[in-house]
2 protein chains.
Amino acid sequence: MLTQNNTTVATEWLDRLKASGYRLTDSTRAVVQVVAENSFALEPAQIFISARQLSPHLGLVTVYRTLDKLEETGLVQRVHQLNGCHAYVPAAPGHQHLLVCRSCSRVEYFSGDDLDELFGQVGRERGFLIQDHWLQLYGLCSVCQKEEAAG
Amino acid sequence: MLTQNNTTVATEWLDRLKASGYRLTDSTRAVVQVVAENSFALEPAQIFISARQLSPHLGLVTVYRTLDKLEETGLVQRVHQLNGCHAYVPAAPGHQHLLVCRSCSRVEYFSGDDLDELFGQVGRERGFLIQDHWLQLYGLCSVCQKEEAAG
DNA sequence: CTCTTATTGAAAATAATTATCATTATCAGT
DNA sequence: ACTGATAATGATAATTATTTTCAATAAGAG
Ligand SMILES: [Mn+2]
Ligand SMILES: [Mn+2]
Ligand SMILES: [Zn+2]
Ligand SMILES: [Zn+2]
């Protein structure tokens with residue numbers, strides 16, 4: 001596995017991991033390489049298959065462990081889909097939400113929701129202390145729309 | 001297990017199941033009784049424990065199968081939480097969203113989000129065809145706030 | 001270069017869910 | 001009510017996803 005000198009998302013992630021006190025290994029680098037530069041929601045098994053091509057003796061367990069570290073460090077987040085919530089994408093920077101393609105699992109990010117007033121109202125009415133919210137859009141990305149039209 | 005003549009949520013659910021072509025059994029009735037009259041997000045194993053008290057020879061497998069039927073019929077929905085998405089609540093009637101207590105898993109429903117404009121804009125910008133959205137609030141219900149204050 | 005110890009992969013263990021199958025029970029049609 | 005086709009059931013086994021254990025390895029501070 002080659003070391004990269006130029007600044008990529010992957011190297012930034014590795015720096016962040018190191019800054020968090022984790023040691024960097026070939027296995028770590030392979031997983032990071034796969035997940036960091038990627039816009040699809042990936043499950044551990046898929047990440048394993050891709051990353052093993054970069055680090056052939058990689059074990060699936062290490063994928064789970066690395067994902068834990070990445071989540072802990074705030075570099076990845078889980079994506080909740082209809083079937084389950086076992087896929088990951090690069091964490092949205094700042095307050096953003098996800099736009100998920102139901103066909104290919106591509107993920108994009110968006111911001112601009114303004115619901116504080118509604119949240120305040122709902123919280124007051126119910127006596128609920130609202131700590132967080134979660135908004136996700138589902139649909140078909142442009143690529144999958146074309147495929148559907150053709151197919 | 002007694003038959004109920006008065007109209008409860010549970011009997012309405014049973015009618016809906018029957019109308020969908022399913023046969024009604026004691027096992028079905030027990031699961032429905034537990035889930036229909038309940039405002040907490042429940043996992044299959046929890047439902048199993050409660051429902052077995054109403055129908056002692058109930059098997060866990062039947063809980064899974066009944067939940068499938070209830071989901072199919074639109075009577076329950078999955079609740080997505082931080083740990084996972086394997087808990088169920090009565091489906092929100094119409095276009096409503098969930099308010100979930102992080103401490104006790106109590107679920108309430110709310111409506112009134114107005115995000116069509118944002119969704120239209122995001123969709124246009126990205127070439128995404130938006131089919132659905134998903135909004136959920138997390139926090140502490142009034143009961144759990146008091147408990148937390150008491151300590 | 002050395003030493004401490006975090007990290008690794010193989011294997012086993014655990015947990016969650018699904019498939020198989022013989023038996024039972026629902027309910028539509030008499 | 002009775003009957004028969006068959007949906008539903010529970011016990012068991014199988015599968016899948018994830019976590020734990022542990023001895024060997026390798027990162028990186030000093
Ligand atoms: Mn928001
Ligand atoms: Mn809405
Ligand atoms: Zn797509
Ligand atoms: Zn609560």
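Let us look at the structure shown here. (Residues numbered from 1 in each chain as written. Chains lettered and ligands numbered in written order. Predicted model: local features only at pLDDT ≥ 70, side-chain atom pairs only at ≥ 80, totals over all residues. Heavy atoms only, no water.)

Points about the pattern of salt bridges
Per the stated rule, a full pass over the model turns up 10 salt bridges over all chains. For Asp132 of chain A, the salt bridge is made with Arg102 of chain B, and the minimal N-O distance between the two is 3.2 Å. Taken together, the positions of Asp132 of chain A in strand β5 (residues 129-140) and Arg102 of chain B in the loop between β3 (97-101) and β4 (107-110) put the pair across two chains. Using a relative accessible area of 35% as the deciding quantity, one classes Asp132 of chain A as partly exposed. The salt bridge partner of Glu125 of chain B is Arg126 of chain B, with a shortest N-O separation of 3.7 Å. With relative accessibility at 55%, the residue Glu125 of chain B sits in the exposed group. Among the charged side chains, a network of salt bridges with common partners joins Glu108 of chain A together with Glu125 and Arg126 of chain B. (Salt bridge = Lys/Arg side-chain N within 4 Å of Asp/Glu carboxyl O. Helix = DSSP H or I, 4+ residues; strand = E, 2+ residues; numbered from the N terminus. Buried < 20%, exposed > 50% of the residue type's maximum accessible area, 1.4 Å probe, protein only.)

Side note on the protein's contact with DNA strand D
By nearness alone, 20 residues border DNA strand D, and Leu24 and Tyr64 of chain A together with Thr25, Thr62 and Arg65 of chain B come closest of all. Counting only atoms of DNA strand D within 4 Å of the protein, the fraction found in sugar and phosphate groups is 63%. Separating a base nitrogen of DNA strand D from a side-chain N or O atom of Arg23 of chain A is a distance of 3.0 Å. Between DNA strand D and the protein, one listed contact pairs a base oxygen with a side-chain N or O atom of Arg23 of chain B at 3.1 Å. Put simply, the parts of the chain that give the surface near DNA strand D at least two residues each are α4 (60-72) of chain A together with α2 (26-36) and α4 (60-72) of chain B. (Near = heavy atom within 4 Å. Polar contact = N/O pair within 3.5 Å; in protein donor to acceptor, adjacent residues only side chain to side chain.)

Concerning the relation of the copies chain B and chain A
Expressed as a screw transformation, the operator carrying chain B onto chain A has a rotation angle of 180° and an axial translation of 0.0 Å, and the superposed copies differ by an RMSD of 0.1 Å. Here the two chains are linked by the operation of a two-fold rotation axis. Relative to the rotation axis, the C-alpha of Leu135 of chain B is the closest in chain B, positioned 2.2 Å from it. (Least-squares fit on C-alpha atoms with pLDDT ≥ 70 in both.)

Geometry only, nothing functional implied.
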